[in-house]
Amino acid sequence: MAADMRLPIIRKPVSLLTSASDRKDLVVPGDVITSDTGFMRGHGTYMDDEKLTASVAGEVERVDKLICVRPLKTRFNGEVGDVVVGRITEVQQKRWKVETNSRLDSVLLLSSVNLPGGELRRRSAEDELTMREYLQEGDLISAEVQSVFSDGALLLHTRSLKYGKLGQGVLVQISPSLIKRQKTHFHNLPCGASIILGNNGFVWLYPTPGHQEEEAGGFYTSLEPVSLSDREVISRLRNCLLALAAHKVQLYDTSVLYCYESSLIHQVKDILKPEVMEEIVMLTQQKLIEQEG
């Protein structure tokens, strides 16, 4: 029987002096941001002996005279227009409750979804009785943030045909701070799979569909068997996402694709080994630097 043995290696000493001097905008709780009294106190800060001090670990953001600290690891704070991937947790009267990795459950109203067939009409009592035929507990959906309630809860909608119920695929959960904001978060990758990069840290990987039924109104999900090659591509992408997230690399279509290409010399199961993960991420970062340069 073949056995895979990995021996311990000496950890390379890393000097933190250079990185600390380069990143003066990173603070930990208790760090003094400024002693100038002309600035206004924002989120993640407090006054201590007339000095503005950080109360969370994160990145300092300055907007005119307002200073706040954006935490590097936090729950999802949604904004209008954000693309999210969520899971239905409860069916209520004329609404669904959705788990979106935020502090409170998000709300999807019955009037904010497309009816099957794309009908445009007022929602009736019959629609309310058949809500579980559209979406039920445990279903995964992609949606957009329509508005934010005063308590921070999110109001979602799936009125566009690109949103709706998700079919066969893999869900990967990472920190929302690692998702790069872009114009579009739906990508068909040339490797044969598609990806939805939710702003809330939920990433959905699925086989690229050949054609979509527009008449389904966002509720059509293909239940055909997924081929072995597609499953291998999705598994490789999933491990690449975990590798990039472990090394705190921002996730967007280019970084995911470069990481996928760098991992092709390894087997899928070997990508999550620490030494292989470090090698793949280093190659990905080099490609990103070359592209920017």
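Note that the structure is a prediction, hence the values are computed from the model and not measured. (Residues numbered from 1 in each chain as written. Predicted model: local features only at pLDDT ≥ 70, side-chain atom pairs only at ≥ 80, totals over all residues. Heavy atoms only, no water.)

(A) Broad picture of the pattern of salt bridges. Within this structure, the stated rule accounts for 7 salt bridges. A salt bridge links R132 to E137, with the shortest nitrogen-to-oxygen separation between them at 2.8 Å. By relative accessible area, R132 is classed as partly exposed at 46%. Owing to a relative accessible area of 37%, E137 belongs among the partly exposed residues under this scheme. E261 is the partner of K287 in a salt bridge, and the nearest nitrogen-oxygen pair spans 3.7 Å. Of this pair, K287 sits in helix α6 (residues 274–292) while E261 sits in helix α5 (residues 253–262); the two residues are 26 residues apart in sequence, bridging distant segments of the chain. Take E261: its relative accessible area is 37%, and that puts it in the partly exposed class. Connected through shared salt-bridge partners, E59, E61 and R70 make up one network. (Salt bridge = Lys/Arg side-chain N within 4 Å of Asp/Glu carboxyl O. Buried < 20%, exposed > 50% of the residue type's maximum accessible area, 1.4 Å probe, protein only. Helix = DSSP H or I, 4+ residues; strand = E, 2+ residues; numbered from the N terminus.)

(B) Inspection of α5 at higher detail. Most of α5 is tucked away, with 8 of its 10 residues classed as buried. Inspection of α5 places T254, S255, V256, L257, Y258, C259, Y260 and S262 among the buried residues, and these make up the whole buried set. Contacts from the buried residues of α5 go to β16 (193–197), α4 (228–246) and α6. (Contact = heavy atoms within 4.5 Å.)

(C) Expanded view of unusual backbone geometry. A positive phi angle is found at E50, which is not glycine, with a value near 60 degrees. By the secondary structure assignment, E50 is in the loop between β4 (45–48) and β5 (51–54). E50 gets classed as exposed once you look at its relative accessible area, which sits at 61%. With a phi angle near 55 degrees, D64 is a residue other than glycine that sits in the positive phi range.

(D) The arrangement of the environment of Q285 in detail. Position of Q285 among the secondary structure elements: in helix α6. Separated by 41 residues in the primary sequence, Q285 and L244 place their C-alpha atoms 9.8 Å from one another.

(E) Quick peek at the pairing of strand β11 (residues 140–148). Relative to β11, strand β8 (residues 83–92) runs antiparallel, the two sharing 5 bridges. Opposite G86, over in β11, you have I141 as the bridge partner. Of the strand pairs in this sheet, β11 and strand β13 (residues 164–165) are connected by 2 bridges, and their pairing is antiparallel. Paired with S142 across the strands is G164, a residue of β13. By the bridge criterion, 4 bridges tie β11 to strand β12 (residues 154–158) in an arrangement that is antiparallel. Residue pairing across strands places S147 opposite L155, the latter belonging to β12. (Pairing = 2+ DSSP bridges.)

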